[in-house]
Amino acid sequence: MSGRTPDGATAGAEPALAPAAPSRTPDDFDRMWDTLAPLGRDKDSGGYRRFAWTDADRDVRDWFRGQAADRGLAYEEDRNGNQWAWLGDPGGRDAVVTGSHLDSVPDGGAFDGPLGVVTAFAALDALRERGAAPRKPLAITNFADEEGARFGLACVGSRLSAGALTKEAAFALRDADGVSLPRAMERAGFDPDAIGADHARLDRVSAYVELHVEQGRALDLTGDPVGIASAIWPHGRWRFDWRGEANHAGTTRLADRRDPMLPYAETVLAARREAALARAVATFGKLHVVPGGVNAIPSLVRGWLDSRAADQETLDTVVTAIEEAARDAAAREGVDLSVVRESFTPVVEFGHALREELGRVLRTGKGEVPVLPTGAGHDAGILSAVVPTAMLFVRNPTGVSHAPAEHAERADCHAGVTALADVLEELACR
């Protein structure tokens, strides 16, 4: 942890109000975006592979640290590896915090997470251009391992800080190569023994506002560049293990097989059917096959289900029906099945008071700002249990997310900067 003090602050950083930044232009968002864009990008797919505690993750974390230094902000890394850049006293109360994350899913898009971080720095620049002086501490964050692409659990950094993930459970996380989360953190220069709930820090936060690219097309359909989140659907991840009997693909009669791939395939179709009936979503997007030979019947097929719905009852109904279909299919093929829920996040209804405050600030002559729910999980959802939180969405004309085609027009990104700056000015400067 070279260069960091025991409490996580960069050596030499002063908690006093940061000096005024040099004059900045509206192009600063564009310049920041262009410097971040190449980091962790795969040259073949065009997508991003910024997995937690890897070299690509180190690069984007260095980028964040550099942006903080450019603005004279006090920089910290907390006990869970989350990054903080402070304007004002990091130890002060009633802090207003904004930001998002910089890690990605495999071959993810450029906007999911990074848009919120880049916009946060640009919004701070806009406040300084306006001559607005925060009366409360103002912080920009990059939460660690939000996507869960490496260790299978989303929002690890915010879950640890909020006390929603225990140290013991975090230590049990492993990546596909068997590397544990603490070992990965250690290799990246962090002390994994220090991880855990960070209530003292979060108790000093009066509001967390996260801007995010919309993961869908609701704003594109209404024609609005910016919207406000109302709620996050309940969602979870379940691991299905079908265990059969390995055998030769060319010499084993169909009648003699205990092939786990068959009940897996039936379960994928059942998931689509049950989700459609309930107007929910259910996806098998990850698969592990043992032994994995083209000419071998598998002994194990392991599939991960991601399912989300507008309410808890609907989600329970969908997942129960999928599991029943999986067990019936396994029994027909003489295959054993085990199901483990690996993660779960209940419905998050963002606080009405803060949400309505955002709506009042952003209301224009054209009418109300759209308020919409989302099926995607976010750090804001985790933090909502301990901190007043709200979210802004920026229009995504493609509706695509978690893929290279994810997109937001530059003008809409600039509108997001203005909207976030307006919100921060109201919350931190008045």
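Everything numeric in this text was worked out from a predicted model, so none of it was measured.

### Points about the overall build of the chain
Part 1 of the reasoning: Check the secondary structure of the chain and you find 13 helices and 15 strands.
Part 2 of the reasoning: The globule rule puts the C-alpha radius of gyration for 430 residues at 22 Å, and the 23 Å found for the chain is close to it.
Part 3 of the reasoning: Along the three orthogonal principal directions, the C-alpha set of the chain runs to about 80 × 50 × 40 Å.
Part 4 of the reasoning: For the chain, the proportion of its 430 residues judged to be buried stands at 52%.
Part 5 of the reasoning: Counted over contacts in the chain with a minimum sequence separation of 6, partners at least 24 positions apart contribute 77%.
Part 6 of the reasoning: When the accessible surface of the chain is totalled, it reaches about 18,400 Å², and 51% of it is carbon and sulfur.

### Side note on the pattern of salt bridges
Part 1 of the reasoning: Tallying each qualifying case throughout the model produces 34 salt bridges.
Part 2 of the reasoning: With a closest N to O distance of 3.1 Å, Glu342 and Arg239 form a salt bridge. With Glu342 in strand S12 (residues 336-345) and Arg239 in strand S7 (residues 235-243), this pair connects stretches of sequence that are 103 residues apart.
Part 3 of the reasoning: Of the charged contacts in the structure, one is a salt bridge between Arg253 and Asp256, with a shortest N-O distance of 3.0 Å.
Part 4 of the reasoning: Judged by its relative accessible area of 54%, Arg253 falls in the exposed class.
Part 5 of the reasoning: The network of salt bridges with common partners includes Arg130, Glu357, Arg360, Asp422, Glu425, Glu426 and Arg430.

### With respect to the pairing of S7
Part 1 of the reasoning: For S7, the tally of buried residues reaches seven of nine residues, placing the bulk of the element in the interior.
Part 2 of the reasoning: Pairing of S7 with strand S11 (residues 300-308), which is carried by nine bridges, proceeds in the antiparallel orientation. The partner of Phe240 across the bridge, within S11, is Gly303.
Part 3 of the reasoning: Bridging between S7 and S12 involves nine bridges; their strand directions are antiparallel. Looking at the pairing, Arg239 lines up with Val340 of S12.

### Quick look at the sheet that holds S11
Part 1 of the reasoning: Taken in spatial order, the four strands line up as S9-S11-S7-S12 in an open sheet, and their pairing is antiparallel. With one partner strand each, in any of the chains shown, strand S9 (281-290) and S12 form the two edges of the open sheet. Neighbour-to-neighbour, the strand axes of the sheet open up by a mean angle of 20°, direction not taken into account.
Part 2 of the reasoning: The strands touched by helix H9 (residues 261-278) are S7, S9 and S11; relative to S9, the strand with the most contacts, the crossing angle is about 170°.
Part 3 of the reasoning: Of the strands in this sheet, S7, S9, S11 and S12 are in contact with helix H10 (residues 312-332), which crosses S7 at around 5°.

### A few points about the confidence of the model for the chain
Part 1 of the reasoning: Counting all residues, the mean pLDDT for the chain is 93, and 93% of those residues have values of 70 or more.
Part 2 of the reasoning: This stretch, residues 1-25, has a pLDDT under 50; its non-local contacts, to residues over four places away or in other chains, come to 45 contacts.

### What to know about helix H1 (residues 28-36)
Part 1 of the reasoning: Taken together, the buried positions of H1 are Asp28, Phe29, Asp30, Met32, Trp33 and Leu36.
Part 2 of the reasoning: Tucked into the core, H1 has its buried residues touching helix H2 (55-70), helix H3 (114-130) and helix H13 (410-429).

### Quick word on the packing of H9 against H10
Part 1 of the reasoning: The N-to-C vectors of H9 and H10 enclose an angle of 155°; their axes lie 9 Å apart at closest approach. The orientation of H9 relative to H10 falls into the category roughly antiparallel. Here H9 runs over H10; the crossing is right-handed. From H9, Pro263, Glu266, Thr267, Ala270, Ala271, Glu274, Ala275 and Ala278 reach across to H10, where they touch Thr314, Val318, Ala321, Ile322, Ala325, Ala326, Ala329, Ala330 and Arg332.
Part 2 of the reasoning: Its residues assigned to classes, the contact of H9 with H10 shows 12 nonpolar, two polar and three charged.

### What about the nonpolar core?
Part 1 of the reasoning: Residues Trp63, Phe64, Leu115, Phe121 and Leu392 are the most contacted members of the largest nonpolar core, which totals 53 residues.
Part 2 of the reasoning: For this core, the element with the highest residue contribution is H13, accounting for 10 residues.
Part 3 of the reasoning: Excluding its chain neighbours within four sequence positions, the residues that come into contact with Phe121 are Met32, Trp63, Phe64, Gln67, Ala68, Arg71, Leu73, Ala85 and Ile140.
Part 4 of the reasoning: Ala74, Val348, Leu372 and Ala380 belong to the second-largest nonpolar core, a separate cluster that totals 25 residues.

### Considerations on the packing of aromatic side chains
Part 1 of the reasoning: Tallied over the full model, the rule gives 14 aromatic pairs.
Part 2 of the reasoning: Relative to Phe121, the ring of Trp63 has its centre 6.1 Å away and its plane inclined at 80°; by these criteria the two rings are edge-to-face. Pair noted here: Trp63 is in helix H2 and Phe121 is in helix H3, with a separation of 58 residues, a long-range link.
Part 3 of the reasoning: Here Trp63 falls in the buried class, since its relative accessible area comes to 7%.
Part 4 of the reasoning: Arranged with centres 6.1 Å apart and planes meeting at 75°, the rings of Trp84 and Phe143 form a pair that is edge-to-face. You can see Trp84 sitting in strand S2 (residues 83-87) and its partner Phe143 sitting in the loop between strand S4 (138-142) and helix H4 (156-162), a full 59 residues away along the chain. Taken individually, Trp84 and Phe143 each receive the classification buried, so the pair is uniform in this respect.
Part 5 of the reasoning: Linked through ring pairs, Trp63, Phe64, Tyr75 and Phe121 together constitute an aromatic cluster.

What counts as what
- Residues numbered from 1 in each chain as written.
- Predicted model: local features only at pLDDT ≥ 70, side-chain atom pairs only at ≥ 80, totals over all residues.
- Heavy atoms only, no water.
- Helix = DSSP H or I, 4+ residues; strand = E, 2+ residues; numbered from the N terminus.
- Rg over C-alpha atoms; globule rule 2.2 N^0.38 Å.
- Buried < 20%, exposed > 50% of the residue type's maximum accessible area, 1.4 Å probe, protein only.
- Contact = heavy atoms within 4.5 Å.
- Areas by Shrake-Rupley, 256 points an atom, 1.4 Å probe, with all protein chains shown as cover.
- Salt bridge = Lys/Arg side-chain N within 4 Å of Asp/Glu carboxyl O.
- Pairing = 2+ DSSP bridges.
- Axes fitted to C-alpha atoms, helices over the stretch in contact; angles between N-to-C directions.
- pLDDT = per-residue confidence, 0-100.
- Parallel < 35°, antiparallel > 145°, perpendicular 65-115°, else oblique.
- Left-handed = near helix turned anticlockwise from the far one by under 90°.
- Nonpolar A, V, L, I, M, F, W, Y, C, P; charged D, E, K, R; others polar.
- Core = buried A, V, L, I, M, F, W, Y, C linked by side-chain atoms within 4.5 Å.
- Phe/Tyr/Trp six-rings, centres within 6.5 Å; stacked < 30°, edge-to-face > 60°.

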